Amino acid sequence: MKLLYFKLYPMKILTVDDQELVLLSLEKCLTDLGYEVITSSTIEDAIKMYDLTLPDLVIVDINMPLNASCSLEDNHKFSNNFSGLDIIHHIKVIKQQNIPVMILSGNIEEQIIKKGFELGAVDYLKKPISLGEIGARVKKVLGFDSICELDNRNAYIQNSVVGVVISCCNDEKNLLIDTYENFIKYNLGYHFCFVCDEGKDTTLQVLNNLRKGNESRISIYNCETTVGKAEAVRLGMLHLAKEQQFDYLGFLDIDLTTNLEDIKTLVAAIKNSNYKIVTGSRIRRVEAKMKKLNMDKNDNQCGIKIMTKEIVEKTFQKEFLAKSLLNVEIFIRMKKEYGMEKTKMYILEKP
């Protein structure tokens, strides 16, 4: 009887996160398990949706932005840090309701976690976390077992959302489709933006086929004319920088001279640090030093870079002079923007 009730009247779950990739991953996971899912990307909208739908469970991120023009009833006062804790406060303190709330966040600050439990959260799901574990914990909190199973239970929601640009103009032969498809299947915090043009081969057609079923995690930026690699990367980075959801942006070479798994190593290095750009570098060699820049850096033409949006905004606005090797130009522009000493501090190499 319990299973029949669940099938006829699916339980409602409100998921709250300001990053689209996280919301889509949660929605797909929980919908596949038989739940009705309501999504919200802002604090104010989440509170309104909660009052409107009265869900059976709320899953909320901690680090949520607040719209400056926000206006809510009940004389609701927001905390200064604009965190998702305001949503828990609304449910538990203002409304005084016993709806279970789970926190899903990469925030590991002890005081924040403690405050969440003090307000009444029933569980804390720390990113990165697998869809299988999320499903198991939700079932435990709600007390209902679903007859559905997850096809992608080993996929992970990462603690950062990263946009990666890949220049592939007339590069069909280097498109390792299975490699890209497999990576985004199991790493749900990544978005690949392929930049191409109307070339002579079938690159665009191949990319469109790759994107089918992966529209949220793969985009295609089609240049109007043939451009060099540097310009393709620049256009792609500026395109992704317009989206608020990305914590970091990066680019890699189409020929995958660097393993895709290494992207996660670079992201881990830049997160919670003062670095603004983390770059892969080849084996250290004396002749590879960038002597002209007077910087103690190695040969970094290794095909991967991860950086903050600030670097994109400050160094990618103007077209690069080089057609392909833009790495040195990025550092030169950083030097002009921040000065030599700060630039050295902002760059990390990972051999």
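Right above here is the structure, for reference.
These notes cover the structure that comes with them.

So, how was this worked out
Residues numbered from 1 in each chain as written. Predicted model: local features only at pLDDT ≥ 70, side-chain atom pairs only at ≥ 80, totals over all residues. Heavy atoms only, no water. Helix = DSSP H or I, 4+ residues; strand = E, 2+ residues; numbered from the N terminus. Buried < 20%, exposed > 50% of the residue type's maximum accessible area, 1.4 Å probe, protein only. Core = buried A, V, L, I, M, F, W, Y, C linked by side-chain atoms within 4.5 Å. Contact = heavy atoms within 4.5 Å. Phe/Tyr/Trp six-rings, centres within 6.5 Å; stacked < 30°, edge-to-face > 60°. Pairing = 2+ DSSP bridges. Axes fitted to C-alpha atoms, helices over the stretch in contact; angles between N-to-C directions.

Brief notes about the side chain of Thr-308
Here is step 1 of the chain: Here Thr-308 is to be found in the loop between strand E13 (304–307) and helix H11 (309–315).
Here is step 2 of the chain: Assessed through its relative accessible area of 15%, Thr-308 is described here as buried.

Comments concerning the nonpolar core
Within soluble globular proteins, side chains that are nonpolar generally end up buried alongside one another.
Here is step 1 of the chain: Counting residues in hydrophobic clusters, the biggest one holds 53 residues, and the most contacted among them are Val-138, Met-237, Phe-251, Phe-316 and Met-334.
Here is step 2 of the chain: If one sorts the elements of this core by residue count, helix H9 (residues 229–241) sits on top with 7 residues.
Here is step 3 of the chain: Dropping the residues within four chain positions of it, Val-138 is found in contact with Ile-13, Leu-30, Tyr-35, Leu-57, Ile-59 and Met-102.

Some remarks on the packing of aromatic side chains
Describing an aromatic ring pair means giving the distance of the ring centres and the angle of the ring planes.
Here is step 1 of the chain: This model, assessed by the stated rule, comprises 7 aromatic pairs.
Here is step 2 of the chain: Seen in terms of ring centroids, Tyr-180 and Phe-194 are 5.1 Å apart; in terms of plane orientation they differ by 85°. Their pairing is edge-to-face. Of this pair, Tyr-180 sits in helix H7 (residues 177–186) while Phe-194 sits in strand E9 (residues 190–197), placing them 14 residues apart in sequence. Each member of the pair, Tyr-180 as well as Phe-194, is classed as buried.

Section: the sheet that holds strand E1 (residues 12–16)
Here is step 1 of the chain: Strand order in the open sheet formed by 5 strands is E2-E1-E3-E4-E5, with parallel pairing between adjacent strands. Each having just a single partner strand, strand E2 (36–40) and strand E5 (123–126) make up the two edges of the open sheet. For this sheet, the mean inter-axis angle between neighbouring strands, taken without regard to orientation, is 20°.
Here is step 2 of the chain: In terms of strand pairing, strand E3 (residues 57–60) meets strand E4 (residues 101–105) through 3 bridges, oriented parallel. Pairing of Val-58 across the sheet is with Val-101, part of E4.

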